[in-house]
Number of protein chains: 2
Amino acid sequence: MTKEWIADQFRLLQDRICTQLELVDGKEKFQEDNWIREEGGGGRTRTFKQGAVIEKGGVAFSEVYGPVSETMRKQLNLDGKEFFATGVSIVLHPNNPHVPIIHMNVRYFELDNGTYWFGGGIDLTPHYIVESQAKDFHLGLKEICDKYHPDFYSKYKPWADSYFFIPHRQEARGIGGIFYDHIDESCGVNKENLFQFAIDLGDAFPVLYKHQVELGKNKPFTEQELVWRNIRRGRYVEFNLVHDRGTKFGLFSGGRTESILMSLPPDASWEYQFVIPANSKESSTNEILMHPVDWLSR
Amino acid sequence: MTKEWIADQFRLLQDRICTQLELVDGKEKFQEDNWIREEGGGGRTRTFKQGAVIEKGGVAFSEVYGPVSETMRKQLNLDGKEFFATGVSIVLHPNNPHVPIIHMNVRYFELDNGTYWFGGGIDLTPHYIVESQAKDFHLGLKEICDKYHPDFYSKYKPWADSYFFIPHRQEARGIGGIFYDHIDESCGVNKENLFQFAIDLGDAFPVLYKHQVELGKNKPFTEQELVWRNIRRGRYVEFNLVHDRGTKFGLFSGGRTESILMSLPPDASWEYQFVIPANSKESSTNEILMHPVDWLSR
């Protein structure tokens, strides 16, 4: 299993996901940009706008390599001289406030000193949390995790809760999902299966999202619900620009800005001390975001 | 000149600025929030929304003190045990794309080991740059600087250019202004006059802004110009959340989130690889932002 082969498989995964997402949307198609990284490698960024369901989104593949820079050495605490990194990264912002925002990432990293690791995860950010849908989502993730290791879900679920947390708001970005990083065979699963886990997550992604879309896309929505959607989008921007390690590393290490910031929503709003009406759908969503939930025991 | 007296003067400055800005807007009034900081001190945050000119804005006063925390020691490289900090901070987002966004800050910092310093500045972010207005703005700033030291403008103007720069976009946030930090009497101006310089800048702020408002507020604008305004607002969000040291320090050190993020626009947009039409007002603004300009020699 060479690194180039893994990259090829990730590229094919991007293809399959895009095909499925175009079916989920039913109206628009992805636009493609190929780009080259001066120091080595490049990527294929696919973006989507003004679909029937997805207002803005992107599915990015990249395969980059070259010397480990000073920034990488410091920020990623790396030991080798040459690195290789490949992955698929997705964020989708739907138009309807009753359809959740979703994010997925699978990545593989290798150094010339022989070390390698996988990282990834999927997490969901509903503008309005529907408990049964949150449970469906987590059940789907647990099912995939369980195929590979009985502890994956119980380890990677709280990892997502702690990663997708906005400290300055003291709230979760959404209902979480799973997150893992720097995982190699020392976790008890061999490299082939860790790779297969990433691919499985990637192929499950459009299936899990389709379920969420079907349950929300035909719900009518009001102007007030759009206001709330945009406030939630604002929090998404805050998380990504202030806290997300991948975004910050990308921007500070000279990554391709447009591909990195493809994760930002089409628009977002901020209001000073936005007042959430008491006993509303907004307030119940907000309360759930303040405390991590064990969805499978609900 | 005690620290408490300086804080009182800054509080009075906030009053005068708010009175003047309400006259500039002509329609709405500021709302006031008083808050207390658990570890010592507090603030008075005044916010403004949906005015005739100013769509969203804030003028914040704060006076905070107490033990130097670990975060402060690291991030601010501080030596003392107890600190005292007071200042006035302003960001205004106008509705009309032909009126610029403006930011001002004056602050005073003191440690129990006897050291103190002043910091501050004013900078302008036009959605559409009008060269004569940019020149007016810089002339106004130079006039104030020159009253205190012949080198202030020539030092603090490039400091603003380098501070208000968005590296991941390789563009300036706006047309700059002046910025200074960690300034004490070793700059050749005594403490009383450094204080007076801050007060002078504060009182000049509404006058400088009024001039910009008068020249833009009655210009009609199109839907396309609103799209561009919101793209520019998106860049403002990127600067503040990714790069602004004050914002980052505030959020990471447990500051009052709503007062810190009062600087964000009412809304903002992001489009993947937004296409700026060739030979347009948008493209000429964009070109100016790519290279710092010596406005006074234009």
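All of these numbers come straight from a predicted model, not from anything done at the bench. (Residues numbered from 1 in each chain as written. Chains lettered and ligands numbered in written order. Predicted model: local features only at pLDDT ≥ 70, side-chain atom pairs only at ≥ 80, totals over all residues.)

K.L.:
Break down the overall build of chain A for me, citing the residues and quoting the values.
P.N.:
Looking only at helices and strands, one finds nine helices and 10 strands in chain A. By the compact-globule yardstick of 19 Å for 298 residues, chain A fits well, its C-alpha radius of gyration being 19 Å. Along the first, second and third principal axes, the C-alpha atoms of chain A reach 55 × 40 × 35 Å. Within chain A, the fraction of its 298 residues that count as buried is 44%. Considering only intrachain contacts with a sequence separation of at least 6, the fraction spanning at least 24 residues in chain A is 68%. (Helix = DSSP H or I, 4+ residues; strand = E, 2+ residues; numbered from the N terminus. Rg over C-alpha atoms; globule rule 2.2 N^0.38 Å. Buried ≥ 20, exposed ≤ 12 C-beta atoms within 10 Å, placed from the backbone. Contact = placed C-beta atoms within 7 Å.)

K.L.:
Provide a residue-level description of the nonpolar core, including the pertinent values.
P.N.:
With 142 residues, the main nonpolar core has I178 of chain A together with I178 of chain B as its most contacted residues. Non-local contacts of I178 of chain B, meaning those with residues more than four positions away in its chain, are made with G121, I122, L141, C145, Y153, Y156, K157 and A160 of chain B. (Core = buried A, V, L, I, M, F, W, Y, C linked by C-beta atoms within 7 Å.)

K.L.:
Which residues make up the interface of chain A and chain B, and what are the values?
P.N.:
Facing the 23 residues of chain A at the interface are 23 residues of chain B. Of all elements in the fold, only helix 6 (223-243), helix 8 (257-260) and strand 10 (267-269) of chain A reach the threshold of two or more residues within the side of chain A that touches chain B. If one sorts the elements of the side of chain A that touches chain B by residue count, helix 6 of chain A sits on top with five residues. In the sheet, strand 10 of chain A pairs with strand 10 (residues 267-269) of chain B via three bridges, with the strands oriented antiparallel. Looking at the pairing, S269 of chain A lines up with D267 of chain B of strand 10 of chain B. (Pairing = 2+ DSSP bridges.)

K.L.:
Just give me the short version of the relation of the copies chain A and chain B, but keep the residues and values in it.
P.N.:
Of the transformation placing chain A onto chain B, the axial shift is 0.0 Å and the rotation is 180°, giving an RMSD of 0.0 Å. With respect to symmetry, the two chain copies, as superposed, fit the operation of a two-fold axis. Taken as a fraction of all interface residues of chain A, those also at the interface in chain B reach 100%, which identifies the copy contact as same-surface. (Least-squares fit on C-alpha atoms with pLDDT ≥ 70 in both.)

K.L.:
Could you give an account of the packing of helix 3 (residues 131-148) of chain B against helix 4 (residues 152-163) of chain B, naming the residues involved and the relevant values?
P.N.:
Residues and elements named next belong to chain B. At a minimum axis distance of 8 Å, the contact between helix 3 and helix 4 shows a crossing angle of 130°. Between helix 3 and helix 4, the crossing angle belongs to the class labelled oblique. Counted together, L141, K142, C145, D146 and Y148 of helix 3 and F152, Y153 and Y156 of helix 4 form the full contact between these two elements. (Axes fitted to C-alpha atoms, helices over the stretch in contact; angles between N-to-C directions. Parallel < 35°, antiparallel > 145°, perpendicular 65-115°, else oblique.)

K.L.:
Describe the environment of F152 of chain A, listing the residues and the values that go with them.
P.N.:
Residue and element names in this part refer to chain A. As for its placement among the helices and strands, F152 is situated in helix 4 (residues 152-163). For F152, a count of 22 C-beta atoms within 10 Å puts it in the buried group. With 26 residues separating them in the primary sequence, F152 and I178 have C-alpha atoms 8.9 Å apart.

K.L.:
Explain the sheet that holds strand 2 (residues 41-49) of chain A to me, using residue names and the numbers behind them.
P.N.:
Strands in a sheet are paired, the pairing made by backbone hydrogen bonds, and the direction either parallel or antiparallel. Residues and elements named next belong to chain A. Pairing within the open sheet is antiparallel, and its seven strands lie in the order 1-2-3-4-5-6-9. The sheet is open, and its two borders are formed by strand 1 (31-36) and strand 9 (176-183), each paired with just one other strand. Taking each pair of neighbouring strands and ignoring which way they run, the sheet shows an average axis angle of 10°. Bridge count for strand 1 against strand 2 is six bridges, and the pairing is antiparallel. Counterpart to N34 in the pairing with strand 2 is R44. Along the sheet, helix 4 contacts strand 6 (116-125) and strand 9; its crossing angle with strand 9, the most-contacted strand, is approximately 100°.

K.L.:
Quick one: what's the story with the environment of T71 of chain B, residue by residue and with numbers?
P.N.:
Residue and element names in this part refer to chain B. Checked against the element boundaries, T71 lands in helix 2 (residues 70-76). In this structure T71 comes out as exposed when scored by C-beta crowding, with 12 C-beta atoms within 10 Å. The spacing of T71 and S253 is 182 residues in sequence and 6.1 Å in space, taken between C-alpha atoms. Leave out the neighbours within four places in its chain, and T71 touches F252 and S253.

K.L.:
Tell me what's going on with unusual backbone geometry, and back it up with residues and numbers.
P.N.:
Peptide bonds are, in most cases, trans, and in most cases residues other than glycine have a negative phi. Residue and element names in this part refer to chain B. Backbone geometry places Q50, a non-glycine residue, at a positive phi of 50°. With respect to the helices and strands, the residue Q50 is situated in the loop between strand 2 (41-49) and strand 3 (54-67). A tally of 11 C-beta atoms within 10 Å means that Q50 is categorised as exposed. Phi angles above zero are rare outside glycine, and Q273 is one such case at about 45°. Within the secondary structure, Q273 sits in the loop between strand 10 and helix 9 (281-290).

K.L.:
So what about the sheet that holds strand 1 (residues 31-36) of chain B? Which residues, and what values?
P.N.:
All names here are of chain B. An order of 1-2-3-4-5-6-9 is seen for the seven strands of this open sheet, with the pairing classed as antiparallel. Strand pairing shows two members of the sheet lacking a second neighbour, strand 1 and strand 9 (176-183), which therefore form its edges. Shown here is a sheet whose adjacent strand axes are inclined to one another by a mean of 10°, direction ignored. Alignment of strand 6 (residues 116-125) against strand 9, held across six bridges, turns out to be antiparallel. When the sheet's bridge partners are listed, G120 is paired in strand 9 with Y180.

K.L.:
Give me the lowdown on the confidence of the model for chain A, citing residues and values where you can.
P.N.:
Mean pLDDT over chain A works out to 96, with 100% of the residues at or above the 70 mark. At the level of chain-chain contacts, confidence expressed as ipTM amounts to 0.94, with global pTM at 0.95. (pLDDT = per-residue confidence, 0-100.)

K.L.:
Any details on the pairing of strand 6 of chain B? Residues and values, ideally.
P.N.:
Residue and element names in this part refer to chain B. Of all 10 residues in strand 6, seven are buried, a share of seventy percent or more. Of the strand pairs in this sheet, strand 5 (residues 101-111) and strand 6 are connected by 10 bridges, and their pairing is antiparallel. Bridging across to strand 6, Y108 finds its partner in F118. The hairpin formed by strand 5 and strand 6 contains four residues between the paired strands, and G114 there has a positive phi angle of roughly 100°.

K.L.:
Report on the pairing of strand 3 of chain B, specifying residues and quantitative values.
P.N.:
All names here are of chain B. With 10 of 14 residues buried, strand 3 is to be regarded as a mostly interior element. Across nine bridges, the pairing between strand 2 and strand 3 is antiparallel. The residue of strand 3 that forms the bridge with G42 is E63. In this structure, the hairpin formed by strand 2 and strand 3 is closed by a connection of four residues, where Q50 is found at a positive phi of approximately 50°. In this structure, strand 3 lies alongside strand 4 (residues 82-94), joined through 13 bridges in antiparallel fashion. Following the sheet pairing, F61 is matched in strand 4 by V88.

K.L.:
Outline the environment of T115 of chain B, listing residues and values.
P.N.:
All names here are of chain B. Mapped onto the elements, T115 comes out in the loop between strand 5 and strand 6. The exposure class of T115 is partly exposed, given the 13 C-beta atoms found within 10 Å. With 35 residues separating them along the chain, T115 and G80 place their C-alpha atoms 8.6 Å apart.

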